[in-house]
Amino acid sequence: MQLIVSDFDGTYYTNDNDILINNKYIEEFRSRGNLFMLSSGRSFKSLKEMAAKYNIPYDYLSCCDGSILYDNKDNIVTKYPLNNTILKKFLSLKKLVKIERIQYSYPDDYYNKKCDDELIGCNIVVKNEFINNKFLKEFNHLKEIYPEFDFLMYSHDEITFFCLKNSGINKSSTIKYLENSLNINHDDIYVFGDNFNDYPMLSLYNSYYIGDVDAKIKSVCRDGFQDVYDFFSYSS
């Protein structure tokens, strides 16, 4: 059994046409008894809506950069809720910058069920043009004084996501869980990504970057493609 894991934005999804080709190859891959997981910084609600919109065939959804894992029947497999005290300090950053939006992720947010005691992920989204030194200084200060939590930042196009996570929880966490629980050979796991929140999984598994990426991302990948489906021609 093999496992393919792909980031969504900028990787599995690059445009409305190529994602349909990706679906075709993934469906054939799964028909041979293999597994496919989408792994994203998006919430469950957001990622599941995209999977439904584009009819993506999947076995697992890893959301909030590995903070919660669902199977394709919407069952929660693993989850790592946030600490409310640290969350409040993180959210205080919004006073220092003009924000685009704040993304809250709850275990059952797809079904509009919210429980503040089980908040899984939180992202402060800021347009790049509004990021200022005072905001960055305080963000980095929180990173220093709370090493037991991960304060992450990564950019997509004209916006930057500032994220709060439990320390050590990232996109590789849910892959490791499946690797161990399903007894998947490490060498039979293939991952695809394009950004720095993908780095933990790209650096641990057979990895391929999609599109134009930073040199640090390229340095840990075997090769790169323009789309995920190109991998299947390469590996056949």
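In the block above lies the structure referred to throughout.
Okay, so let's go over this structure. (Residues numbered from 1 in each chain as written. Predicted model: local features only at pLDDT ≥ 70, side-chain atom pairs only at ≥ 80, totals over all residues. Heavy atoms only, no water.)

## Some details on the overall build of the protein
When you go through the protein residue by residue, the secondary structure sums to 8 helices and 12 strands. Along the three orthogonal principal directions, the C-alpha set of the protein runs to about 50 × 35 × 30 Å. By the burial criterion, 51% of the 236 residues in the protein qualify as buried. A separation threshold of at least 6 residues defines the contact pool for the protein, and within that pool the share at least 24 residues apart is 60%. Accessible surface, the protein as shown: approximately 11,200 Å² in total, 45% of it carbon and sulfur. Computing the positive centroid from 27 side-chain charges and the negative centroid from 34, the protein places the two 6 Å apart. (Helix = DSSP H or I, 4+ residues; strand = E, 2+ residues; numbered from the N terminus. Buried < 20%, exposed > 50% of the residue type's maximum accessible area, 1.4 Å probe, protein only. Contact = heavy atoms within 4.5 Å. Areas by Shrake-Rupley, 256 points an atom, 1.4 Å probe, with all protein chains shown as cover. Lys, Arg positive; Asp, Glu negative; His and termini not counted. Charge placed at Lys NZ, Arg CZ, Asp CG, Glu CD.)

## Looking at the nonpolar core
Of all hydrophobic cores here, the largest spans 29 residues; its most connected members are I4, Y12 and I56. Every element with two or more residues in this core is listed here: helix 1 (18-31), strand 2 (35-39), helix 2 (44-53), strand 3 (60-63), strand 4 (68-71), strand 10 (189-193), strand 11 (206-210) and helix 8 (230-235). Considering each element in turn, this core owes the most residues, 4 residues, to helix 2. The contact partners of Y12, leaving out residues within four places of it in the chain, are S6, D7, I19, N22, N23, I26, F36, L38, I56, P57 and V228. Within the second largest apolar cluster, 21 residues are counted, among which are C122, I124, F162 and L164. (Core = buried A, V, L, I, M, F, W, Y, C linked by side-chain atoms within 4.5 Å.)

## Let's talk about helix 2
The complete set of buried residues in helix 2 reads F44, S46, L47, K48, M50 and A51. Those residues of helix 2 that are buried are in contact with strand 2, strand 3 and strand 4. A positive phi of about 50° marks N55, the residue just after helix 2.

## Section: the side chain of N195
Its place among the elements puts N195 in the loop between strand 10 and helix 6 (199-202). Classification of N195 by relative accessible area gives buried; the value is 10%.

## Considering unusual backbone geometry
The residue N55 is not glycine, and still its phi comes out positive at about 50°. Considering the arrangement of structural elements, one finds N55 in the loop between helix 2 and strand 3. In this structure, D74 is a non-glycine residue whose phi angle is positive, near 70°. Assignment of secondary structure puts D74 in the loop between strand 4 and strand 5 (76-79).

## Some points on the sheet that holds strand 9 (residues 159-166)
Pairing in this open sheet of 4 strands is antiparallel, and the strands run 6-7-9-8 from one edge to the other. At either margin of the open sheet sits one strand with a lone partner, and together these are strand 6 (101-105) and strand 8 (149-156). Strand after strand, the sheet turns through a mean of 20° between neighbouring axes, direction not considered. Of the strand pairs in this sheet, strand 7 (residues 121-127) and strand 9 are connected by 6 bridges, and their pairing is antiparallel. Bridging across to strand 9, I124 finds its partner in F162. Here helix 3 (residues 84-91) sits on the sheet and contacts strand 6, strand 7, strand 8 and strand 9; the angle it forms with strand 9, its principal contact strand, is near 160°. Of the strands in this sheet, strand 8 and strand 9 touch helix 4 (residues 133-145), which is tilted by about 145° from strand 8. (Pairing = 2+ DSSP bridges. Axes fitted to C-alpha atoms, helices over the stretch in contact; angles between N-to-C directions.)

## Details of the environment of K94
Residue placement: K94 occurs in the loop between helix 3 and strand 6. Residue K94 is classed as partly exposed on the basis of its relative accessible area of 40%. The contact partners of K94, leaving out residues within four places of it in the chain, are I99, I102 and I124.

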